[in-house]
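One-letter residues, chain by chain:
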Amino acid sequence: MNIHEYQAKEIFSSFGLPVPGGTAVQTVADAVAEAEKYGLPVMVKSQVLTGGRGKAGGVKFCATMDEVRTNAENILGMDIKGHTVRTVLITPAVDIASEYYVGMLIDRNTKRVLLMASAEGGVEIEQVAKDTPELIFKHAIDPRYGLLDHEAMDMGMRLCPDDIKKARQLAAAMQKLYTAFIGSDASLAEINPFIFTPEGQGHAIDAKVNLDDNAMFRHADWEGMRDLEAEDPSERTAREAGLSFVKLSGNVGCLVNGAGLAMATMDLVKYYGGQPANFLDIGGSSNPEKVVNALKIILSDEEVKVILFNIFGGITRCDDVAKGIIAATEQMDINVPIVVRLTGTNEEEGRSLLASTDLHPAATMDEAVEKAIELGNVSGS
Amino acid sequence: MAIFVDDNTKVVVQGITGRDGGFHSSQMLEYGTKILAGVTPGRGGQKFEDKVPVYNTVKEAVEEHGVNTSVIFVPPFGAAGAIYEAADAGCKLIVCITEGVPTCDMVKVMPYLEERGVRLIGPNCPGLLAPGIAKLGILPASIVKEGNVGLVSRSGTLTYEVVYQLTAAGLGQTTCLGIGGDPVIGTTFMDAIQAFNEDPKTEAFVMIGEIGGDAEEQAAAWLKDNCNKPVVSFIAGQTAPPGKRMGHAGAIVSGGTGTAAEKKAALGEAGIPVADRPKDIVPLLQEIWNK
């Protein structure tokens, strides 16, 4: 789950990271009121779940109340890469003498949390990684001991070789960031930039955190952080129904068990000249109710001209799936053809259940995809 | 021969009394897997299917039956705990089927396993099936056949699809292995291909990858310099949009990396044919194997 900057800063602040104060607001009047509270100058920062806010004009420095008003008016409602700005963060502007990047992510290769830090702060770190990878220092943190004092200090000294006070502040920030990362079950946590004022005071002035969806069960407070308006409505319904779903722009509705097979099915639809309408993994231990929900979500998209089931049973039993498909078709008014491919555990029971319906069976994945494209008349669309 | 298992593989199932754990334990037993014990805390003293004794702890199962392998069907909140317990009790191979284990839990588990010399497969995986030897997990036994082809995959059902086609073409398998779709997993592509390369019975193998990370690229680089056995590959997710998690926690194109195109290019450069469709995998393998 991606969260907004202001939410990431709340997490950082609760773990003791130096974050300038700030308030998230939805109206121009509130923006002005908050600016008056903090005192000028302030920053007005759009809160959207995408990068490149500054370049899009969604982050503004305001020296006067008129500027706060004008910028808040302009930014609220602005579209940034398809995301509508509904919230802005009002935060005191600080003078910047130097900028650093400090980030952590899950590294698949070392199987650890990887600390990355660079004196090239304030710019897109992906670009630095591409152009000048030698300017990014990395350290894979041993989960048994955490980020030890001397390891953090070593990183701090690499970033600020000539200023021990700044190096210490950076080291402390890195250790707190690691505690925040583990404590909040993050999959990514970035401070970009971590800045020093001309007086030498460090601040985390921008924050990005992604949370691990798998850890949702032990963070009851996360639901409140979810930006429901930023989510695609069908993706939201799917999530609430416990389905793994991604909306795409095609017209072949796909219901597949297993993420890998679901991706391969989408790829195959494309291969045969169609366009998948979605990624949908109905998952293991699939129950009939799940299939009903899945069909409802897919059929809520009016572009969908045909439904394609591709079920290879392992942990998902084909008889469960067949019952689900039948239950769904019985209680729904479905006007598009449905192609069903069932193979695997309990497949004979599953197929015999389907035999009495008007669904279109297919023996293989390729046959199912070709049949779906033909019946839906969606070739080349 | 197979990789990671042999005739001495003695199994305990953690979560044997649950719906999925029970269903698949029955299937594993039916296949002939030596499940000597089950573990469900609070159910100690019961018997699974009137024959497999259930214990409260893995330690008891090890002491009573000398089990050396655990298959885990414990829900996500308890999965890491179950892995620690199996490792501490002395299991040397742990197969964690559970989907949805928090990644930070897995990060912490890893050094614990390394210190004890334990191999973990998964989590979020279908496990392993070595035809004629053992079935550890949820791969359907009906689709496998004993033979000389190895298969490793990040997926579950896509693995079945390919195994099914191998078997239909008369190509039996030494071991079918699903390593799991999470970002942090125990046994990696690299571990699996090195084991297949060393296994005398495995004459050729198939690698099924997907978007996210660079495990396929690393495997390709290693295979190029170290492997003379025929290898073919398939990569799922070329139509996946960037920045979206495609079901598997690890299947995401982020910051422009981890794309299917990159992986295909790396494999191609290493001289490993990449099939366009799952159904092309078997013909491609036959083609290079016969050369």
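Residues numbered from 1 in each chain as written. Chains lettered and ligands numbered in written order. Predicted model: local features only at pLDDT ≥ 70, side-chain atom pairs only at ≥ 80, totals over all residues.

Colleague: Describe in detail the overall build of chain A, supporting the description with residues and values.
Modeller: Broken down by element type, chain A carries 12 helices and 18 strands. Across its three principal directions, the C-alpha atoms of chain A cover 80 × 50 × 40 Å. Taking all 381 residues of chain A together, 48% fall into the buried category. (Helix = DSSP H or I, 4+ residues; strand = E, 2+ residues; numbered from the N terminus. Buried ≥ 20, exposed ≤ 12 C-beta atoms within 10 Å, placed from the backbone.)

Colleague: I'd love a proper account of the overall build of chain B, names of residues and values included.
Modeller: In terms of helices and strands, chain B carries nine helices and 13 strands. Taken over C-alpha atoms, the radius of gyration comes to 19 Å for chain B, in line with the 19 Å a tight globule of 291 residues would show. Relative to its 291 residues, chain B shows a buried fraction of 59%. Residue pairs at least 24 apart in sequence account for 70% of intrachain contacts in chain B once pairs closer than 6 positions are excluded. (Rg over C-alpha atoms; globule rule 2.2 N^0.38 Å. Contact = placed C-beta atoms within 7 Å.)

Colleague: Which residues make up the interface of chain B and chain A, and what are the values?
Modeller: With 49 residues of chain B at the contact, the number on the chain A side is 46 residues. For the side of chain B that touches chain A, the secondary structure elements donating two or more residues are helix H1 (19–31), helix H3 (76–89), helix H4 (103–116) and helix H5 (157–168) of chain B. Take the side of chain B that touches chain A: its biggest share by element is six residues, from H4(B). Grouping the amino acids of the side of chain B that touches chain A by side-chain chemistry returns 25 nonpolar, 13 polar and 11 charged. (Nonpolar A, V, L, I, M, F, W, Y, C, P; charged D, E, K, R; others polar.)

Colleague: Any chance you could break down the packing of helix H8 (residues 259–271) of chain A against helix H12 (residues 365–375) of chain A for me, citing the residues and the numbers?
Modeller: For any two helices packed against each other, the geometry is given by the interaxial angle and the distance between the axes. Residues and elements named next belong to chain A. It is the contact of H8 with H12, at a shortest axis distance of 10 Å, that shows an interaxial angle of 50°. By the criterion of interaxial angle, the relationship of H8 to H12 is oblique. The handedness of the crossing between H8 and H12 is right-handed. Between H8 and H12, the residues in contact are Thr265, Leu268 and Val269 and Met365, Asp366 and Val369, respectively. Considering only residue class, the contact of H8 with H12 consists of four nonpolar, one polar and one charged. (Axes fitted to C-alpha atoms, helices over the stretch in contact; angles between N-to-C directions. Parallel < 35°, antiparallel > 145°, perpendicular 65-115°, else oblique. Left-handed = near helix turned anticlockwise from the far one by under 90°.)

Colleague: Explain the domain arrangement of chain A to me, and be specific about the residues and the numbers.
Modeller: When the domains of chain A are assigned, the result is domain 1 (21–92), domain 2 (98–224) and domain 3 (232–374). Summarising the inter-unit geometry, the C-alpha centres of domain 1 of chain A and domain 2 of chain A are found 25 Å apart. (Domains from an automatic or database assignment.)

Colleague: Which residues make up the sheet that holds strand S2 (residues 42–46) of chain A, and what values go with them?
Modeller: Residue and element names in this part refer to chain A. A sheet is described by the order of its strands in space; here four strands give the open sequence S1-S6-S2-S3, paired in antiparallel fashion. Either end of the sheet is taken by a strand with one partner, and the two such strands are strand S1 (23–25) and strand S3 (59–62). Each strand axis lies, on average, 25° off the axis of its neighbour in the sheet, ignoring direction. As paired strands, S2 and strand S6 (residues 88–92) are joined by five bridges and run antiparallel to one another. Along S6, the bridge assignment pairs Met43 with Thr91. (Pairing = 2+ DSSP bridges.)

Colleague: Which residues make up the nonpolar core, and what values go with them?
Modeller: If you look at the biggest cluster of nonpolar residues, it comprises 197 residues, and the most contacted ones within it are Met174(A), Leu177(A), Leu280(A), Ile72(B), Ile83(B) and Ile94(B). Looking at this core, the element that brings in the most residues is helix H6 (residues 164–183) of chain A, giving nine residues. For Met174(A), the residues in contact, after removing those within four places along its chain, are Val102(A), Leu115(A), Ala117(A), Leu147(A), Ala152(A) and Met155(A). If you look at the next biggest cluster of nonpolar residues, it comprises 17 residues, including Val25(A), Val44(A), Cys62(A) and Leu89(A). (Core = buried A, V, L, I, M, F, W, Y, C linked by C-beta atoms within 7 Å.)

Colleague: Outline the domain arrangement of chain B, supporting the account with residue identities and numerical values.
Modeller: All names here are of chain B. Its domain assignment divides chain B into domain 1 (11–121) and domain 2 (139–289). If you average the C-alpha positions of domain 1 and of domain 2, the two centres end up 27 Å apart. Counting residues at the interface gives nine residues for domain 1, matched by eight residues for domain 2. Counting residues per element, the ones that place at least two in the side of domain 1 that touches domain 2 are H1, H4 and strand S7 (119–121). Ranked by the residues each element gives to the side of domain 1 that touches domain 2, the list is headed by H4, at four residues.

Colleague: A description of helix H5 (residues 149–159) of chain A should follow, citing residues and the corresponding values.
Modeller: All names here are of chain A. Within the sequence span of H5, burial applies to Ala152, Met155, Gly156 and Leu159. Looking straight down H5, one finds that the buried residues subtend no more than 100° of arc, so they occupy a single side. Tucked inside the fold, the buried residues of H5 contact strand S7 (98–107), strand S8 (112–118), strand S9 (136–141) and H6. (Arc of directions from axis to C-beta.)

Colleague: Would you mind going over unusual backbone geometry in detail, with residue names and values included?
Modeller: Leaving glycine aside, a negative phi is the common case for residues, and trans is the common case for peptide bonds. Of note, the amide linkage connecting Leu40(A) to Pro41(A) takes the cis form, showing an omega dihedral of 0°. Relative to the elements of secondary structure, Pro41(A) occurs in the loop between helix H2 (28–38) and S2. Of the consecutive residues Asn192(A) and Pro193(A), the connecting peptide bond is found in the cis state with omega at 10°. With respect to the helices and strands, the residue Pro193(A) is situated in strand S10 (residues 186–196). With phi around 60°, Lys111(A) is a residue other than glycine that occupies positive phi space. For Lys111(A), the position within the fold is in the loop between S7 and S8. For Lys111(A), a count of 22 C-beta atoms within 10 Å corresponds to the buried category. The phi dihedral of Asn124(B) falls on the positive side, at around 55°, and the residue is not glycine. Looking at the element boundaries, Asn124(B) is found in the loop between S7 and strand S8 (127–130).

Colleague: Describe the environment of Ser184(A), listing the residues and the values that go with them.
Modeller: All names here are of chain A. With respect to the helices and strands, the residue Ser184 is situated in the loop between H6 and S10. Taking the C-alpha atoms as reference, Ser184 lies 27 Å from Val44; in sequence the two are 140 residues apart. Setting aside residues no more than four positions away along its own chain, Ser184 makes contact with Ile11 and Leu211.

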